[in-house]
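Fold and contact review
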Amino acid sequence: MHIFFDGEHSPSAKGRCAMTTENGFSRCRAGSEILRTVFPYTILHTLRGFWLSVCRMARLVLIAAPTIAVATAGAETYPLPPARHSASQAILPARVSASSSAAKPIDEATLPPQSDSHTPLPPLPSPQAATPQGATLKMAIDPVGMSAVQNGALPPNAMALEDAERMALENHPALRRATARLDAARGRWVQVGLPPNLRVGYQGSEIGNSGLAGQQGGTVGQMFITGGKLRLNRAIASQEVRQAQQQLEAWRYRVLNEVRLRFYEVLAAQRTIELTGRLIRITEDAVKMSSELLRSQEGSQVDLLQAQVEADRVRILWNNAQNRYQSAWRSFAAAVANPQLAPRPLLGQLEPPPTQLAWEEALLRLATQSPELRIARLGVDRARWALRRAEAEPIPNLNSQAGVAYDHETQDTIVGVQLQIPLPIINRNQGGIRQARAELSAARSEVARVELDLQQRLAAAFERYTNAKNQVARYSRDILPRAQQTLDLVMRAYRQGEYGYLNVLTAQRTYFQASLAYVESLRQLRASQIAIEGLLLVDSTDPASTALPMRNYTN
């Protein structure tokens, strides 16, 4: 840093400002003359000395600031060594490094963009457009409307799965929270790489000595960060930004998977209402036939009573199915981040398309695309840069300070320069380096733990998928057709008086239980398929904890 002074002084001219006028400081002379006529002699010299010190200090700052800025900018120019990516070998094949760019020097060009690959989330809808808080949820389940959807007549308020997904992506608070955390990580990236500010101060000594103002002046100082610490801070923060991006991606998967699960649960509840409604009609026909057989003296009072009891029991099941639909719809409305969404027909098929998921393909997809695994691998890169930062901490920083003062007794301009460098003799950041190495080892172990956890969860989800797929195939191919045929034969024989109502009751319950089991198998098949295709991000827990590890790095 170069500091230039340009001034003169004259012993015969008391209080005369000796600064040049090239930077507009000639007004100091007029100010000094005004102070001399107003204040007593001692106070005059004190205030006059302070005034001259301020003028000199301002000029010193104007001259030295560009040089200090250039020196500060050039203090952190060396390139970072490349990162050696060593992750634990393992159980998940075809591991792909999610942070190969970490080996490059981290500078302004590598700042993560303000918008990621996804479309920014639009603002929340205005409160005026929403249903008033506390409004009752209309639960009028219209079987005619459902049948119209099945027959191809689309109601104007019908909702498809794509509409629900779009609504959730636009309004879900979990995505907004993850986006805010990503913005916070980007702001931290900027902050940890900024150098310290200039320090400007005032100094006065020997004030009142010989009735004069003594030595009046000011100082300017700057700390120069050495050892590439600022760039290492940026390297660590860059990995945190990438982790925040993966957390946002994980939450997108979780929100979409939750919407899909709730969507098909509503479809399953609708199908259950249809089944119970059909069973009500069957039981009412049985009551009617039992009454006719009793009048014709071909049946018994016991059969009629049993038919009436069974009809009442089925009505209870129908009410329970409606309550189940109400609960499923409320969960679906919460999943799409619109709790006041009124029930409406959903456009979709509970039966999945005829696709077959393979274990090897699902495992490979987890290894290459799972945000949870990417976050863990980025944690290894972050811990590696943190270790480099801890090793650079003992490199001493340069603390510089320059000052200028005017001695009113000798009428001399005094310049002082200080340079301070701490000696890393006792504190060499031994504990910080040891901690960083342990955290690097823990991060590598975390990658292996996540791999094992993903494989275990995939094994359980794949078992549920395989069981549900086999059950759906067996029910649709064998069990349901036979149960339907048995019910038709028994009802026909009961009308002819060949069977008692006990046979009808058994056939009804068999058919109904098989139908409900089929619907439940379809729901489980959809749920397991969504979990596998959605990278197992189907629970409500926050991926990789609730927040990123944010450290206050020392310089």
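Once a new chain begins, its residue numbering starts again from 1 and follows that chain's sequence as written. With pLDDT at 70 or above as the cut-off, local features in this predicted model cover only qualifying residues; side-chain atom pairs require 80 or more to be listed or tallied, and sums for whole chains, interfaces and linings still use all residues. Hydrogens are left out, water is left out, and the side-chain values use all remaining heavy atoms of the structure.

**A closer look at the pattern of salt bridges**
The criterion, for reference: Within this document, salt bridges are pairs made up of a side-chain nitrogen of Lys or Arg and a carboxyl oxygen of Asp or Glu, the two lying within 4 Å of each other. Labels follow the DSSP assignment, with helices taken as runs of H or I lasting at least four residues and strands as runs of E lasting at least two, numbered in each case from the N terminus. Categorising residues by exposure relies on relative accessible area from a 1.4 Å probe, with only protein chains included: less than 20% of the type maximum marks a residue as buried, more than 50% marks it as exposed, and the intermediate range marks it as partly exposed.
Evaluation of the coordinates by the stated rule reveals 23 salt bridges. Here R315 and D312 are joined by a salt bridge, their closest N and O atoms 3.2 Å apart. Of this pair, R315 and D312 both sit in helix α7 (residues 301-335), three residues apart, which is roughly one turn of that helix. Relative accessible area serves as the criterion here: at 33%, R315 is assigned to the partly exposed category. D312 sits in the partly exposed class, given a relative accessible area of 46%. E446 serves as the salt-bridge partner of R449, at 2.8 Å between the closest nitrogen and oxygen. Pair noted here: R449 and E446 are both in helix α10 (residues 430-495), with a separation of three residues, about one helical turn. The exposure class assigned to R449 is partly exposed, which follows from its relative accessible area of 44%. For E446, a relative accessible area of 30% puts it in the partly exposed group. Among the charged side chains, a salt-bridge network with shared partners connects E258, R262, E265, R324, E520 and R523.

**A word on helix α9 (residues 371-392)**
We apply this condition: To estimate the expected span of a helix, subtract one from its residue number and multiply by 1.5 Å.
With 22 residues, α9 should cover 32 Å at 1.5 Å per step; its first-to-last C-alpha distance of 31 Å lies within 8% of that length. Taken across its 22 residues, α9 has 20 buried, putting it largely inside the fold.

**Here we look at a nonpolar patch on the surface**
We count it as follows: Residues with no salt bridge and a relative accessible area higher than 30% make up the patches, which join like charges within 9 Å and nonpolar side chains (Val, Leu, Ile, Met, Phe, Trp, Tyr) within 5 Å. Using a 1.4 Å probe, the Shrake-Rupley method yields the accessible areas, and only the shown protein chains count as cover for residues.
A surface patch of nonpolar side chains, amounting to about 300 Å² of accessible area, comprises V415, V417 and L419. Structurally, the position occupied by L419 is in strand β6 (residues 412-420).

**Focus: the sheet that holds strand β3 (residues 215-224)**
To keep things clear, this is the line we draw: Only when DSSP finds a minimum of two bridges between them are two strands counted as paired. The convention used is that axes are lines fitted to C-alpha atoms, helices contributing only their stretch in contact, and that angles between N-to-C directions extend from 0 to 180 degrees.
Taken together, four strands build an open sheet; the order of strands is β2-β3-β5-β6 and the sheet is antiparallel. Strands with a single pairing partner mark the edges of an open sheet, and in this sheet they are β2 (199-205) and β6. Here the strands of the sheet are splayed against their neighbours by 20° on average, with no regard to which way each runs. In terms of strand pairing, β3 meets strand β5 (residues 398-407) through 10 bridges, oriented antiparallel. Following the sheet pairing, V220 is matched in β5 by A402.

**Structural notes on the packing of helix α6 (residues 229-295) against α10**
Going by this rule: Here is the rule for angles: anything less than 35 degrees is roughly parallel, anything more than 145 is roughly antiparallel, 65 through 115 is roughly perpendicular, and the remaining ranges are oblique. For any helix crossing, the convention is left-handed if the near helix is rotated counterclockwise from the far helix by under a right angle, and right-handed if that rotation is clockwise. For this analysis, residues touch if any pair of their heavy atoms sits within 4.5 Å. Lys, Arg, Asp and Glu make up the charged group, whereas Ala, Val, Leu, Ile, Met, Phe, Trp, Tyr, Cys and Pro make up the nonpolar group; the residues left over, Gly among them, are polar.
It is at 10 Å that the axes of α6 and α10 come closest, and there the two elements cross at 20°. If you check the angle between α6 and α10, you find them roughly parallel. The interaxial crossing formed by α6 with α10 has left-handed handedness. Every residue of α10 that contacts α6 at I282, A286, M289, S290 and L293 is listed here: L487, M491, Y494 and R495. Residues that form the contact of α6 with α10 fall into these classes: seven nonpolar, one polar and one charged.

**Some details on helix α8 (residues 359-369)**
In an α-helix there are 3.6 residues to a turn, and that puts residues three or four apart on one side. Applied cut-off: Each direction from the helix axis to a C-beta atom contributes to the arc, which is the arc of those directions.
Turning to α8, its buried residues number three or more, namely A362, L363, L366 and A367. Viewed along the axis of α8, the buried residues span an arc of 135°, placing them on a single side of the element. Along α8, exposed side chains directed more than 90 degrees from the buried face belong to E360 and E361. Check the buried side of α8 and you find it contacts α9, α10 and α11 (501-533).

**Here's the deal with the pairing of β3**
Every regular strand shows the same layout, with side chains that alternate between the two sheet faces. Where burial is concerned, most of β3 is hidden: eight out of the 10 residues are buried. Note that β2 and β3 share seven bridges and pair antiparallel. When the bridges of β3 are listed, S205 appears paired with Q215.

**Points about the packing of aromatic side chains**
We count it as follows: When two rings of Phe, Tyr or Trp (its six-membered ring) have centres within 6.5 Å they constitute a pair, described as stacked for plane angles under 30 degrees, edge-to-face for angles over 60, and tilted for the intermediate range. By the criterion adopted, a ring carries a charge over it if an Arg CZ or a Lys NZ lies within 6 Å of its centre and within 35 degrees of its normal.
Following the criterion strictly, the structure yields seven aromatic pairs and no others. Ring centres of Y325 and W329 lie 6.4 Å apart, and the angle between their planes is 25°; this geometry places the pair in the stacked category. Taken together, the residues Y325 and W329, both in helix α7 and four residues apart, mark about one turn of the helix. Members of the aromatic cluster, joined through ring pairs, are F263, Y264, Y325, W329 and F332. Seen from the ring of W189, R234 lies directly overhead, with NZ or CZ sitting 4.1 Å from the centre. Directly above the ring of W251 sits R254, whose terminal nitrogen or CZ lies 5.8 Å from the centroid.

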